[in-house]
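# Observations on chain architecture
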Amino acid sequence: MATTLVWAWTGGVDQLGLPFGSVGDPTVSLPVIAAPDFPALGDNRRLLPGRKSPSAGPSTTADDPTVALAPGALSNQPAPRIAVPGLVPGAAAPRTHCRTGRKLVPTCNVLWGVAPGAHTESRGASALAAFERKTGRTQAIYHAYHGGIRQLFPTDQEIAIAHQPGRHRILFLNWKPESASWAAIARGDRRTDAFLDRLAVHIKKNFPEQFFFAVHHEGENDVRERAGSGYTARDYAAMYRHVINRLRAHGVNNIVSVLVHMAYVKHAQQSWFNYMYPGDDVVDWIGFDTYAYSDPGYGHGDFAEIFNRRIEGKRAWPGFYNWALSRHPGKPLMIAEWGVWSSRRNTGYKVDFYRDLGDELRRFPKIRAMVQFETPHNQKGQDSSVDSTQAALHAYQRLGKLPIFQVAVTP
């Protein structure tokens, strides 16, 4: 079965009314912490002040769960050979000393992935195969979306994608519960709980490997902050906790939970934003969805402009990266959706963005995964395809082959 890719928010400069700043704009905030508790981003990175040399190796102390390798992470047991229609047969992944560890945090470098074929009829294995052919590498993360309480996941196709010989991948499964309000789910909605119990049995029987799991990503877009709505920020946090805790209570210990926010300053500035956080015990990673715009305006600029924009004044905002570091310093960060929206007037912007991203990312050492959202047309007709021009494709191919994005997915 093919998975369904839905409801990805695309930003919207018209919603913000914020001025565009140049690359040197003082509202663009750079990281305030060097994050020494996270492993280095590859041996060839420029060292940030106060960081140890990568030659010293990452910490593996018992009190640092972000670094220690999971038991059996270096196992040499072969994966089951399951045929996946449409996928390119097993070309070996690039050799690298960086590997996925506990909670899927790489021992070094950054995981590279994709949600392929979004908003098209070509999804799942065929879209992934096409994306890997044109970009010239295996994706470490395969991102798929599910909704409601009918379809159990991972599906057979998703399991086969994860197990493809020579191309081990991490599943990133995004689930939007639609059977009841957040408040009702948190209180123990009967239909939702029954589905979660069936899901737990399915996962334990069919997929013991670790996988990323997001519950109602971009939830702030659906917050209705009024008493009794069932969709307040606190309702979201309670719903998220209930889902994760119920699955764990039924023995599903291989989910790596990701809290996925929209990198949308207007929502983040709301008084309720921080109430959405479900708690460190049920959140393993924090993710953000963010997009760059080829035409001048909000979201146009370098990587810091789109990911870590800081707003001054009465409704100040420190920037998403700085917010995560200050409020949740122990959590690895993921860009759960990203892309560059094309423009026929400014075709060179996408090329430049891809060309510079590898160096700019080194200024944000807690970002440990990036997942491209690949669509030729979203709800607004915007195109994030990496091959919108031949020059863009070549730049993206070079980007994905940089040492910083090489991580071996260990079974």
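What counts, and where the lines are drawn
- Residues numbered from 1 in each chain as written.
- Predicted model: local features only at pLDDT ≥ 70, side-chain atom pairs only at ≥ 80, totals over all residues.
- Heavy atoms only, no water.
- Salt bridge = Lys/Arg side-chain N within 4 Å of Asp/Glu carboxyl O.
- Helix = DSSP H or I, 4+ residues; strand = E, 2+ residues; numbered from the N terminus.
- Buried < 20%, exposed > 50% of the residue type's maximum accessible area, 1.4 Å probe, protein only.
- Disulfide = S-S within 2.5 Å.
- Pairing = 2+ DSSP bridges.
- Axes fitted to C-alpha atoms, helices over the stretch in contact; angles between N-to-C directions.
- Contact = heavy atoms within 4.5 Å.
- Phe/Tyr/Trp six-rings, centres within 6.5 Å; stacked < 30°, edge-to-face > 60°.

A full pass over the atoms with the stated rule returns 14 salt bridges. Residue R246 pairs with D197 through a salt bridge whose shortest N-O separation is 2.9 Å. With a gap of 49 residues between them, R246 in helix α5 (residues 233-249) and D197 in helix α4 (residues 190-206) connect regions that are remote in the sequence. Linking R241 and D281 is a salt bridge whose minimum nitrogen-to-oxygen distance equals 2.8 Å. Of this pair, R241 sits in helix α5 while D281 sits in the loop between α6 (265-268) and β6 (285-293), and the two are 40 residues apart along the sequence. Since its relative accessible area comes to 28%, R241 is described here as partly exposed. Through salt bridges with shared partners, a single ionic network connects K103, R248 and D284.

With respect to the element layout, A249 can be found in helix α5. C-alpha of A249 to C-alpha of A200: the two residues are 49 residues apart in sequence and 9.2 Å apart in space.

The next point concerns the state of the cysteines. Between two cysteines, a covalent bond joining their sulfur atoms is known as a disulfide. Going through the model one piece at a time under the given rule, you end up with one disulfide. Sulfur-sulfur distance for the disulfide between C98 and C108 comes to 1.8 Å. Taking the sign of the torsion about the S-S bond as the criterion, the disulfide between C98 and C108, at about -100 degrees, is left-handed. A residue pair is termed long-range when its members are at least 10 positions apart, and C98 in the segment before β1 (111-115) and C108 in the segment before β1 qualify at ten residues.

Before going further, it helps to spend a moment on the sheet that holds strand β7 (residues 333-341). Strand order around the closed barrel formed by eight strands is β1-β2-β3-β4-β5-β6-β7-β8, with parallel pairing between neighbours. Direction aside, neighbouring strands of the sheet carry axes that sit 30 degrees apart on average. Of the pairings in the sheet, the one linking strand β5 (residues 255-262) to β6 comprises five bridges and is parallel in character. For V258, the partnering residue across the bridge sits in β6 and is W285. Together, β5, β6, β7 and β8 (367-373) form the strand contacts of helix α8 (residues 320-327), whose direction differs from that of β6 by roughly 170 degrees.

This brings us to the pairing of β6. Across the nine residues that make up β6, a large majority, nine, are buried. As judged from the eight bridges shared by β6 and β7, these two strands associate in the parallel manner. Pairing of F288 across the sheet is with I335, part of β7.

Glancing now at unusual backbone geometry. Residue P154 is bonded to the preceding F153 through a cis peptide linkage, with omega at 0 degrees. Note that P154 resides in the loop between β2 (141-147) and α2 (156-163). Of note, the phi angle at K103 is positive, near 55 degrees, even though the residue is not glycine. Topologically, K103 is positioned in the segment before β1. Despite not being glycine, E218 shows a phi value in the positive range, around 55 degrees.

Here the focus is the packing of aromatic side chains. Under the counting rule described, the total for this entry stands at 34 aromatic pairs. Pairing Y291 with W341 gives two aromatic rings, centres 4.8 Å apart and planes at 15 degrees, and the pair type is stacked. Taken together, the residues Y291 in strand β6 and W341 in strand β7 connect sequence positions 50 residues apart. When its relative accessible area of 6% is taken as the criterion, Y291 is described as buried. Overall, the relative accessible area of 2% leaves W341 in the buried class. Ring geometry for F303 versus F364: centroids 5.4 Å apart, planes at 70 degrees, classification edge-to-face.

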